[in-house]
Amino acid sequence: MYFVFSFRPHETPFEDGTFKLTIEFTEEYPNKPPTVRFVSKMFHPNVYADGSICLDILQNRWSPTYDVSAILTSIQSLLHDPNPNSPANNEAAQLYRENRREYEKKVAAIVQESWNEDDDDQ
């Protein structure tokens, strides 16, 4: 079973965008984490090209006590405070570390694309 969420990550450079992600639950849930990935295009040090997210609670620090709210809160936190030392997207990580202005320009372009994607859904 899976769900598609629209996600507005407040207090992050992505704040003005609307991003879609899927959360797929298997029969092993809650003992194993769901599979979570962005469907919308994303430019972030910890998001792979296929939209999957490099996030500890979805990998080696999962606990059955986590719910969807905890997952979304953790993703929002990651968007606000990336970990460029554990990159899933090397270009984004390098820009984040070395040229924050250029990184934020690329994020702004992704935010703007999300507006067009949102229009396409209507």
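Residues numbered from 1 in each chain as written. Predicted model: local features only at pLDDT ≥ 70, side-chain atom pairs only at ≥ 80, totals over all residues. Heavy atoms only, no water.

- If you look the protein chain up in an unreviewed UniProt entry, it shows as UBC core domain-containing protein from Ridgeia piscesae.
- As stated in UniProt under Sequence similarities (unreviewed entry), the record for the protein chain gives "Belongs to the ubiquitin-conjugating enzyme family." (UniProt positions renumbered as here; feature names shortened; annotations may be inferred.)

Description of the UniProt feature "active site" (unreviewed entry) in the protein chain
Okay, so step 1: On the UniProt side, "active site" (unreviewed entry) is annotated at positions that read Cys54 here.
Okay, so step 2: Here Cys54 is to be found in the loop between strand 3 (35–38) and helix 1 (68–80).
Okay, so step 3: What Cys54 contacts, discounting residues up to four positions off in sequence, is Asn46, Tyr48, Gln59, Leu78, Ser86 and Ala88. (Helix = DSSP H or I, 4+ residues; strand = E, 2+ residues; numbered from the N terminus. Contact = heavy atoms within 4.5 Å.)

Some details on the side chain of Ser114
Okay, so step 1: With respect to the helices and strands, the residue Ser114 is situated in helix 3 (residues 100–120).
Okay, so step 2: Once residues within four sequence positions are removed from consideration, Ser114 is found in contact with Gly17, Thr18 and Phe19.

With respect to the environment of Val39
Okay, so step 1: Relative to the elements of secondary structure, Val39 occurs in the loop between strand 3 and helix 1.
Okay, so step 2: With a relative accessible area of 46%, Val39 lands in the partly exposed category.
Okay, so step 3: Between the C-alpha atoms of Val39 and Glu113, which are 74 residues apart in sequence, the distance is 13 Å.
Okay, so step 4: With sequence-adjacent residues up to four places away left out, Val39 is seen in contact with Lys20, Leu21 and Thr22. (Buried < 20%, exposed > 50% of the residue type's maximum accessible area, 1.4 Å probe, protein only.)

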